[in-house]
Structures are given as C-alpha cells and as structure tokens.
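Residue-level structure breakdown
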Amino acid sequence: TNYATLGGRLAYTRVMHYRNGLGKGVKLQRSEARPSVDSTVTSGLLVLTICIALLTTKSFVKEVHRMFLYITLFSAVGFEVAGTMLLPLTHNFSKPFPSALLLLAYGLSFYLLSLVTEKLPLSAIYATWAGLGVFSVAILSSIFYKQTLNWQSLAGLFLIVVGVTIVNIYRT
C-alpha cells in the first residue's frame, strides 16, 4: 500500500491482481481517498457552527414553534377521530371500557385544541379540526365498519379537504 497526500486528504493506492479470460495477469490500481483528521474536525466544526446559527435565528425558532402548533392541532384531530370511531363500540355508553376511552380521547382532543387557540385564528383551527375529522371518520368508518361511500360522498370529502386547505392558506 502506497500513501500520498492529495488536497488535504490522505490517499492510498491498492494494487490488485485479476486474471482475464486468457489466464494472463492484469494489474489494476484503484485510488481511494480517506479524510485526514484535520479535515474531519474542520468539517464537524463547520456543521456545528451552521446548526447553532440556524437554531438561534428568530425565523427558525418561529417556524419550529409554528410546526409544533400544527402537530398539536393534528394530534387534537387524531384524538377526536379516535373518540368518534369508538362511539359504536360503547353500545350507548353501556360498555365501560370503550366509554372511558371515548371520554379520554375527546378530553385530550379538546385540551390540545385549547392549547392551539391561543396562537392560531379560531376559524382556521376549527375548519381544520372539523374538516379533517369528518374526512378521517368517513374514510375509517368505510374501512372498519364496512360503511359504503358513493362517488358523491367522495366528492364531498374532497371538497372538505380543499376548503380546509383554502382556509389555512388565506388565514389572517
């Protein structure tokens, strides 16, 4: 193995022997670059500096906060959908375990919804919560409870999603 320094990197060359179809030996050389210790440390420090700069900018922090709000809103939708899907299993609230899960799911949904109402407009929150809830329950009930959806229902669900998207794009 031969070692040589190329462009701040330590390169080495391996000589490998192969045989061609005629039985004659052919020497092939393959060069591979390995990072030197200095370039690895420098690259790591550069990445660390960029990460710290990104994390301390106001716009980045604002976007992370906004993303957290939408994750909370989608979690509220998920708990609302879970509670609604549990309704048939409660048998008019005569089954204690599904009934308790339903109440817990709705309670968590409204709690998460209340957290989001402090930072986002109520019209956008409610449109998202109700629209995605109706859409999800319709799709899931067709899967789990074998309820049929005709093309008119599917078109209506599509319009709900479009409406929720428009409300969120043009919210004030």
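Structure's up top.
Treat the numbers as computed from the prediction; the structure is a model and nothing was measured.

Rules of the game
- Residues numbered from 1 in each chain as written.
- Predicted model: local features only at pLDDT ≥ 70, side-chain atom pairs only at ≥ 80, totals over all residues.
- Heavy atoms only, no water.
- Helix = DSSP H or I, 4+ residues; strand = E, 2+ residues; numbered from the N terminus.
- Buried < 20%, exposed > 50% of the residue type's maximum accessible area, 1.4 Å probe, protein only.
- Contact = heavy atoms within 4.5 Å.
- Areas by Shrake-Rupley, 256 points an atom, 1.4 Å probe, with all protein chains shown as cover.
- Core = buried A, V, L, I, M, F, W, Y, C linked by side-chain atoms within 4.5 Å.
- Axes fitted to C-alpha atoms, helices over the stretch in contact; angles between N-to-C directions.
- Parallel < 35°, antiparallel > 145°, perpendicular 65-115°, else oblique.
- Left-handed = near helix turned anticlockwise from the far one by under 90°.
- Nonpolar A, V, L, I, M, F, W, Y, C, P; charged D, E, K, R; others polar.
- Patch = residues over 30% accessible without salt bridge, like charges linked within 9 Å, V, L, I, M, F, W, Y side chains within 5 Å.
- Salt bridge = Lys/Arg side-chain N within 4 Å of Asp/Glu carboxyl O.
- Polar contact = N/O pair within 3.5 Å; in protein donor to acceptor, adjacent residues only side chain to side chain.
- Expected span 1.5 Å × (residues − 1).
- Phe/Tyr/Trp six-rings, centres within 6.5 Å; stacked < 30°, edge-to-face > 60°.

Secondary structure assignment for the protein chain yields five helices and three strands. In the protein chain, the succession of α and β elements from N to C terminus is β-β-β-α-α-α-α-α. Across the 172 residues that make up the protein chain, the buried fraction comes to 20%. Intrachain contacts of the protein chain at a sequence separation of at least 6 include 48% that bridge at least 24 residues. Split by element, the accessible area of the protein chain, about 12,500 Å² in all, is 69% carbon and sulfur.

Now for the nonpolar core. Of all hydrophobic cores here, the largest spans 14 residues; its most connected members are L73, L113, L120 and I125. Once you skip the residues sitting within four places of it in the chain, I125 turns out to touch L73, L113, V116, T117 and L120.

Below, the discussion takes up the packing of helix α4 (residues 122-144) against helix α5 (residues 151-169). It is at 9 Å that the axes of α4 and α5 come closest, and there the two elements cross at 160 degrees. With respect to each other, α4 and α5 are oriented roughly antiparallel. Along this stretch, α4 crosses α5, giving a crossing that reads as left-handed. Between α4 and α5, the residues in contact are S123, A124, A127, T128, G131, V134, F135, A138 and I139 and L157, I160, V161, V164, V167 and N168, respectively. When grouped by side-chain class, the residues that make up the contact of α4 with α5 number eleven nonpolar, four polar and no charged.

Once that is clear, we can look at a nonpolar patch on the surface. On the surface, a nonpolar cluster with roughly 670 Å² of combined accessible area is contributed by F158, L159, V162, I166, I169 and Y170. Within the secondary structure, F158 sits in helix α5. Classification of F158 as exposed rests on a relative accessible area of 55%.

Turning next to the side chain of T90. Mapped onto the elements, T90 comes out in the loop between α2 (58-86) and α3 (96-116). A polar side-chain atom of T90 sits 2.7 Å from the main-chain carbonyl oxygen of L87. With residues near it in sequence (within four places) discarded, T90 still touches K95, P98, S99 and L102.

Below, the discussion takes up α4. For the α-helix, the turn length of 3.6 residues means that residues three or four positions removed from each other point alike. Taking 1.5 Å of rise per residue, the 23 residues of α4 would be expected to cover 33 Å, and the 32 Å separating its terminal C-alpha atoms lies within 8% of that figure. The complete set of buried residues in α4 reads A124, I125, T128, W129, G131, G133, V137, A138 and S141. Note on α4: the residue one or two positions beyond its end, K146, has a positive phi of about 55 degrees.

Another aspect to go through is the packing of aromatic side chains. Enumeration over the complete set of coordinates arrives at three aromatic pairs. With 6.4 Å between their ring centres and 40 degrees between their planes, Y70 and F74 make a pair best called tilted. Of the two residues, Y70 and F74 are both situated in helix α2; the distance of four residues between them amounts to about one turn of the helix. With 5.9 Å between their ring centres and 40 degrees between their planes, Y126 and W129 make a pair best called tilted.

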